[in-house]
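Given next are the chains, with one letter for each unit.
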Amino acid sequence: MSLKELFRFPASRLSRRIAFWVFISVIVIETLIFIPSYKNREKELLSQLKEISAARVALIMKIAKPDAIVMHPGPMNRGVEIDSSVADGHQSVILPQVTFGIAVRMAVMSILAGQS
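Residues numbered from 1 in each chain as written. Predicted model: local features only at pLDDT ≥ 70, side-chain atom pairs only at ≥ 80, totals over all residues. Heavy atoms only, no water.

1. Describing the overall build of the protein
Part 1: The secondary structure content of the protein amounts to three helices and zero strands.
Part 2: Long-range pairs, those at least 24 residues apart, make up 37% of the contacts in the protein with a sequence separation of at least 6.
Part 3: Carbon and sulfur atoms make up 69% of the accessible area of the protein, which amounts to about 10,300 Å² in all. (Helix = DSSP H or I, 4+ residues; strand = E, 2+ residues; numbered from the N terminus. Contact = heavy atoms within 4.5 Å. Areas by Shrake-Rupley, 256 points an atom, 1.4 Å probe, with all protein chains shown as cover.)

Structure, rendered in structure tokens:
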């Protein structure tokens, strides 16, 4: 082994370490930049989806016949499954449907249990 090769080995080993840590640093920095921008984009898309959904519901309710009714078996997640303006609107029969649904289920269970 010559003297030149002896000095080249630590230098190449050191350059590999430097290149490795530079690479890791770039990955960490890119990740730190990417995650917040991804979260912001996700929030923007969700707000756009809510706006589109609200506009679509408003359009459907406008197109619907005046005697059309809105039904939901309950329990409902307001703002997720159904818009509050629709659930509480004049065409909504959700509250009576849920109320009568409880009575019907109780009657069916009573009949099945053998009580008349």
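2. Digging into the side chain of Ser92
Part 1: Along the chain, Ser92 turns up in the loop between helix 2 (84–87) and helix 3 (94–113).
Part 2: At a separation of 2.7 Å, a polar atom in the side chain of Ser92 contacts the main-chain carbonyl oxygen of Ala87.
Part 3: Not counting the four nearest positions on each side in its chain, Ser92 is found in contact with Val70, Val86 and Ala87. (Polar contact = N/O pair within 3.5 Å; in protein donor to acceptor, adjacent residues only side chain to side chain.)

3. Section: helix 3
Part 1: The end-to-end C-alpha distance of helix 3, which contains 20 residues, comes to 28 Å, matching closely the 28 Å that a straight helix rising 1.5 Å per residue would cover.
Part 2: Just beyond helix 3, the residue with positive phi is Gly114, at close to 95°. (Expected span 1.5 Å × (residues − 1).)

4. Remarks on the side chain of His72
Part 1: With respect to the helices and strands, His72 occurs in the loop between helix 1 (3–63) and helix 2.
Part 2: Residue classification places His72 among the buried residues on the basis of a relative accessible area of 14%.
Part 3: Those residues in contact with His72 that lie beyond four places of it in its chain are Glu81, Ile94, Gln97 and Val98. (Buried < 20%, exposed > 50% of the residue type's maximum accessible area, 1.4 Å probe, protein only.)

Function cannot be read off these values alone, since they describe shape.
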